[in-house]
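# Observations on chain architecture
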Amino acid sequence: MRPVYLRAEMIYLDYAASAPLREEVIEAMTRCLGVDGHFANPSSDHGPGRASALLVEQARERFAALIGAKPQEIIWTSGATEANNLALLGAAEFYAGTGADGQRIAVAKTEHKSVLDPCRQLALRGWKLDWLPTDAQGLIETESFAGLLGEQTALASCMLVNNETGVIQDIPALAELAAERQVLLHVDAAQALGKLDLHCQRWNVPMMSFSAHKFGGPKGIGALYLRQRPPVKVRPLMFGGGQERGLRSGTLAVHQIVGLVRAAELAVAELERNLGHWQQLRQRLWRSLQDALPQCLLNGADERQSPHVLNVSFAGVDGEALRADLDGLAVSSGSACTSEHAEPSYVLRALGRDDALADASLRFSFGVQSTVEDIDGAAQQVIHSVRRLRALSPLWEDAA
Ligand code: PMP
């Protein structure tokens, strides 16, 4: 069923920013809300409270099974931003205390802000940041990763699927290197669940972050996987009721947790089918743009690429004018989280795109609900706008 938007002619291709909830998810959540449902506080010591707590624990078991983890390794959070902060700041505090001079953390410039900014906070407390080099596709080479991890490196953070380009890092290889050097690796998997097969235990990843609204669950809920063997410890960032083994105080949002798990189950069960669907849509869109427009450049990897994202830079157009022109198309320029700032994407600049190209880039991302008609409509709008803007641009005349 096609989603209905504010304007019927609006095409939504921004599923990496947020995906709508499936009916099954809404139903599961709704059952927790009313007087007949599991509305009681799971910390309450009475029948309804215990029933809510049981539902939360069943959800934890189901989610753990989906990601190759044990139930006691899952901490519910408000999303991947909180999970990333808890992992990085929490582990840094636990292992090094505050103001740890000389301790180092390795991270790539292509990470999400919710990883980069906690790292910058650590830098203010005396940690040293080492920037992991990426190639032109945004991939971290295992050799340079190994080379950068020194005696003093305590932590590293690396995302599994990049939110702007969809490139997939070789996390199993990086995790192995990090383990050899006794570096605690955190993986931001916010864009990964339902996009590839992942397995926390088999990959030997100590910490991994998840966000429900990227895979068809509700906003405001996520999870942090914290390995139990060998154990990974974090200090809590918030204090209060001591929920989640004291690591994340706050009343558990039963309906959100139930929604996350139902969405995760659907996303994992339908993985194969969705990957095929997205591959088809991505190829179709890229071919249409390439056939119609000279000098459009792909931002992504040839092989290590999630098909739910297509990121393209358009030479010879002004980014702001392009965004203003595409008012019938909901896509991202740079990442949605940074789009309040009118800066060209720092991720694309880190990949070597100049400011103008990074600014004149669009991220199309596909979801379960995306259709071939969406793709053809989007291609038509983009081709029309880019041609129109190039025709008006003296710079394009110079280039052509
Ligand atoms: N990491 C990545 C890679 C993301 O794409 C996002 C969402 N844009 C986040 C973290 C933050 O997730 P949340 O919205 O759940 O806080």
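Each remark here, short or long, concerns the structure printed above.
From a predicted model like this one, the values you see are computed outputs, not experimental measurements. (Residues numbered from 1 in each chain as written. Predicted model: local features only at pLDDT ≥ 70, side-chain atom pairs only at ≥ 80, totals over all residues. Heavy atoms only, no water.)

### Things to note about the overall build of the chain
Of the regular secondary structure elements, the chain holds 14 helices and 12 strands. Whereas a compact globule of 400 residues would reach a radius of gyration of roughly 21 Å, the chain reaches 22 Å, a difference of no more than 12%. Its C-alpha atoms give the chain principal-axis dimensions of roughly 70 × 55 × 35 Å. Residues classed as buried in the chain amount to 55% of the 400 residues present. Residue pairs at least 24 apart in sequence account for 74% of intrachain contacts in the chain once pairs closer than 6 positions are excluded. Counting every atom, the chain has about 17,500 Å² of accessible surface; 51% of that belongs to carbon and sulfur. Within the chain, the 47 negative side-chain charges are centred at a point lying 4 Å from the centre of the 38 positive side-chain charges. (Helix = DSSP H or I, 4+ residues; strand = E, 2+ residues; numbered from the N terminus. Rg over C-alpha atoms; globule rule 2.2 N^0.38 Å. Buried < 20%, exposed > 50% of the residue type's maximum accessible area, 1.4 Å probe, protein only. Contact = heavy atoms within 4.5 Å. Areas by Shrake-Rupley, 256 points an atom, 1.4 Å probe, with all protein chains shown as cover. Lys, Arg positive; Asp, Glu negative; His and termini not counted. Charge placed at Lys NZ, Arg CZ, Asp CG, Glu CD.)

### Describing the environment of G138
Residue position: G138 is located in the loop between β4 (128-132) and α5 (142-148). Residue G138 is classed as buried on the basis of its relative accessible area, which comes to 3%. The spatial distance from the C-alpha of G138 to the C-alpha of N299 is 8.8 Å, given a sequence separation of 161 residues. With residues up to four places along the chain from it excluded, the contact list for G138 reads V167, Q169 and L351.

### Considering the nonpolar core
It is characteristic of soluble globular proteins that their nonpolar side chains tend to be buried jointly. One finds F63, I67, W76, F145, L160, M208 and F210 to be the most contacted residues of the largest nonpolar core, which totals 58 residues. Tallying contributions element by element places helix α8 (residues 254-269) first for this core, with nine residues. Ignoring sequence-local partners within four residues, the contact set of I67 consists of I74, L193, L198, H199, C200, F210 and Y225. Core analysis: the next-biggest nonpolar cluster, separate from the first, contains 28 residues, L13, W286, C296 and A379 among them. (Core = buried A, V, L, I, M, F, W, Y, C linked by side-chain atoms within 4.5 Å.)

### Let's talk about the side chain of Q256
Here Q256 is to be found in helix α8. Overall, the relative accessible area of 12% leaves Q256 in the buried class. Those residues in contact with Q256 that sit more than four places away from it in its chain are M29, P218, K219, G220 and I221.

### As for the sheet that holds strand β8 (residues 222-226)
Taking strand neighbours across the sheet as the criterion, the seven strands line up as β2-β8-β7-β6-β5-β3-β4 in an open arrangement whose pairing is mixed. Pairing within the sheet leaves two strands with one partner each, and these edge strands are β2 (74-77) and β4. Across this sheet, the average inter-strand angle for adjacent strands is 20 degrees, counted without regard to direction. Pairing between strand β7 (residues 207-211) and β8: five bridges, direction antiparallel. (Pairing = 2+ DSSP bridges. Axes fitted to C-alpha atoms, helices over the stretch in contact; angles between N-to-C directions.)

### Points about the site of the ligand
Neighbouring the ligand are 15 residues, the closest being A80, T81, D188, S211 and K214. The separation between an oxygen atom of the ligand and a polar side-chain atom of T81 is 2.5 Å. The side chain of H112 places a nitrogen or oxygen atom 3.3 Å from a nitrogen atom of the ligand. The leading source of residues in the shell around the ligand is helix α3 (residues 80-96), at three residues. (Near = heavy atom within 4 Å. Polar contact = N/O pair within 3.5 Å; in protein donor to acceptor, adjacent residues only side chain to side chain.)

### Remarks on the sheet that holds strand β12 (residues 361-365)
With antiparallel pairing, the three strands of this open sheet are ordered in space as β9-β10-β12. Each of the sheet's edge strands pairs with one partner strand only, and the pair in question is β9 (296-298) and β12. Ignoring which end each strand starts from, the neighbouring axes of this sheet average 25 degrees apart. Judged from the three bridges that link them, β9 and strand β10 (residues 309-314) form a sheet pairing that is antiparallel. Residue pairing for β10: C296 is matched across the bridge by F314. Helix α9 (residues 271-292) contacts β9, β10 and β12 of the sheet and is inclined by roughly 10 degrees relative to β10.

### A closer look at the packing of aromatic side chains
According to the stated counting rule, one finds four aromatic pairs in the structure shown. Ring centres of F63 and F210 lie 5.4 Å apart, and the angle between their planes is 90 degrees; on these two criteria the pair is classed as edge-to-face. Linking F63 in helix α2 (residues 47-67) with F210 in strand β7, this pair joins segments that are 147 residues apart in sequence. Here F63 falls in the buried class, since its relative accessible area comes to 0%. Here F210 falls in the buried class, since its relative accessible area comes to 1%. Linked through ring pairs, F63, W76 and F210 together constitute an aromatic cluster. Seen from the ring of W396, R390 lies directly overhead, with NZ or CZ sitting 4.0 Å from the centre. (Phe/Tyr/Trp six-rings, centres within 6.5 Å; stacked < 30°, edge-to-face > 60°. Lys NZ or Arg CZ within 6 Å of the ring centre and 35° of its normal.)

### Describing α2
For α2, spanning 21 residues, the distance from its first C-alpha to its last is 31 Å, which sits close to the expected 30 Å at 1.5 Å a residue. Taken together, the buried positions of α2 are G49, S52, L55, V56, A59, R60, F63, A64 and I67. At its buried positions, α2 is contacted by β2, α7 (200-203), β7, β8 and α8. (Expected span 1.5 Å × (residues − 1).)

### Thoughts on the pattern of salt bridges
All told, the structure shown has 18 salt bridges when counted by the stated rule. A salt bridge links E265 to R262; the shortest N-O distance between them is 3.2 Å. In this pair, E265 and R262 are both assigned in helix α8, three residues apart and thus about one turn of the helix distant. According to the relative accessible area criterion, R262 is partly exposed, its value standing at 26%. (Salt bridge = Lys/Arg side-chain N within 4 Å of Asp/Glu carboxyl O.)

### Some thoughts on the packing of helix α1 (residues 23-30) against α8
Packing of α1 against α8 leaves a shortest axis separation of 8 Å and a crossing angle of 155 degrees. One element, α1, and the other, α8, form an angle in the roughly antiparallel class. Crossing geometry of α1 relative to α8 is assigned as right-handed. Note on element contacts: α8 touches α1 through H255, Q256, V258, G259, R262, A263 and L266, opposite E24, V25, A28 and M29. Residue composition of the contact of α1 with α8, by class: six nonpolar, three polar and two charged. (Parallel < 35°, antiparallel > 145°, perpendicular 65-115°, else oblique. Left-handed = near helix turned anticlockwise from the far one by under 90°. Nonpolar A, V, L, I, M, F, W, Y, C, P; charged D, E, K, R; others polar.)

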